[in-house]
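Chain by chain, the residues run as shown.
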Amino acid sequence: MDYRSARIILSLPKIEFANLRRDFYCENNLFFKPFLPIQSCLLPEIDFHKDKLMQEISNHETENGFKFYVFLTNETDKIIGSLEFSNIVKGPFRSCNFGYLLDEKFQGNGYMEESIRRAIDFLFLEKKLHRIQAAIMPNNSKSIRLIEKIGFQKIGLAPNYLNINGVWADHFLYQLISPELF
């Protein structure tokens, strides 16, 4: 199933995205590197990307996580971004973690804001989550501006929060609470 807005399509993972996924990560390898853990997601082997897609599909089916690939409505043969909602906890907590990536060539056009707003609707209205939490490195000013524009509130600094490129990095923690009381 796809979720649309004016200029973008959010698509749940499909095995047939393997080549597109590989291209997205490999073409942006240097751009993404300062913000990602040391990962093999940037590897060019197609089987690796098929395996990752299978894992993402499984997470969706079990509702342990939701990964969306971002396409332009007029260019559905190129992934321009991804949004990942992970560590979904149900029960009284009803929360998840959130991360996103946007192709370097598509930065500054509002595509990620539009994508995040559409995905938030899905999580709050359809999946009835209460809180979405994002962790952002203090030096990532573009991402901080974006998340604050959307309405996420800073809740603190987490020292040595994630291992990024072999170094434990501080992150600001942000949250967005659903306006609905479930």
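Residues numbered from 1 in each chain as written. Predicted model: local features only at pLDDT ≥ 70, side-chain atom pairs only at ≥ 80, totals over all residues. Heavy atoms only, no water.

*Asks:* Just to check I follow, could you spell out the nonpolar core for this structure?
*Replies:* Across soluble globular proteins, nonpolar side chains show a tendency to be buried alongside one another. Leu 83, Phe 85, Phe 98 and Phe 152 are the most contacted members of the largest nonpolar core, which totals 37 residues. With 8 residues, the single largest contributor to this core is helix α4 (residues 111–126). In terms of nonpolar packing, the next biggest core, distinct from the first, is built from 12 residues, Phe 17, Tyr 25, Leu 53 and Ile 79 among them. (Core = buried A, V, L, I, M, F, W, Y, C linked by side-chain atoms within 4.5 Å. Buried < 20%, exposed > 50% of the residue type's maximum accessible area, 1.4 Å probe, protein only. Helix = DSSP H or I, 4+ residues; strand = E, 2+ residues; numbered from the N terminus.)

*Asks:* Would you take a moment to explain the pattern of salt bridges for this structure?
*Replies:* Pairing between side chains of opposite charge can happen when the charged atoms of each approach one another. Throughout the structure, instances matching the rule amount to 14 salt bridges. Put simply, Lys 14 and Asp 2 hold a salt bridge, and the shortest N to O gap is 3.5 Å. With Lys 14 in the loop between β2 (8–11) and α1 (18–27) and Asp 2 in strand β1 (residues 2–4), the pair connects residues that are 12 residues apart, well separated along the chain. A salt bridge links Glu 84 to Lys 67, with the shortest nitrogen-to-oxygen separation between them at 3.7 Å. Of this pair, Glu 84 sits in strand β4 (residues 81–89) while Lys 67 sits in strand β3 (residues 66–72), placing them 17 residues apart in sequence. On the basis of relative accessible area, Glu 84 is assigned to the partly exposed category, the value being 34%. Taking the relative accessible area as the measure of exposure, Lys 67 reaches 5% and is therefore buried. Beyond isolated ion pairs, a larger network of salt bridges with shared partners links Arg 21, Glu 56, Lys 67 and Glu 84. (Salt bridge = Lys/Arg side-chain N within 4 Å of Asp/Glu carboxyl O.)

*Asks:* Can you walk me through the packing of aromatic side chains in this structure?
*Replies:* Geometry of an aromatic ring pair is reported as the spacing of the ring centres plus the angle between the planes. This model, assessed by the stated rule, comprises 15 aromatic pairs. Considering the side-chain rings of Tyr 25 and Phe 32, the 6.3 Å spacing of their centres and the 70° angle between planes classify their relative orientation as edge-to-face. Grouping residues by exposure puts Tyr 25 and Phe 32 together as buried. An aromatic cluster is defined as three or more aromatic residues linked by ring pairs; in this entry it consists of Tyr 3, Phe 66, Phe 68, Phe 85, Phe 98, Tyr 100, Phe 122 and Phe 152. A cation over a ring is seen here: Lys 154 above Phe 172, with NZ or CZ 3.9 Å from the ring centre. (Phe/Tyr/Trp six-rings, centres within 6.5 Å; stacked < 30°, edge-to-face > 60°. Lys NZ or Arg CZ within 6 Å of the ring centre and 35° of its normal.)

*Asks:* Looking at this model, I keep getting lost on the packing of α1 against helix α3 (residues 46–62). Mind explaining?
*Replies:* At a closest axis distance of 9 Å, the pairing of α1 and α3 adopts a crossing angle of 105°. In terms of orientation, α1 lies roughly perpendicular with respect to α3. Taken together, the residues of α3 that come into contact with α1 (itself represented by Ala 18, Asn 19, Arg 21, Arg 22 and Tyr 25) are Ile 46, Phe 48, His 49, Lys 50, Lys 52, Leu 53 and Glu 56. Residue composition of the contact of α1 with α3, by class: 5 nonpolar, 2 polar and 5 charged. (Axes fitted to C-alpha atoms, helices over the stretch in contact; angles between N-to-C directions. Parallel < 35°, antiparallel > 145°, perpendicular 65-115°, else oblique. Contact = heavy atoms within 4.5 Å. Nonpolar A, V, L, I, M, F, W, Y, C, P; charged D, E, K, R; others polar.)

Function-wise, these values are silent; they only describe arrangement.
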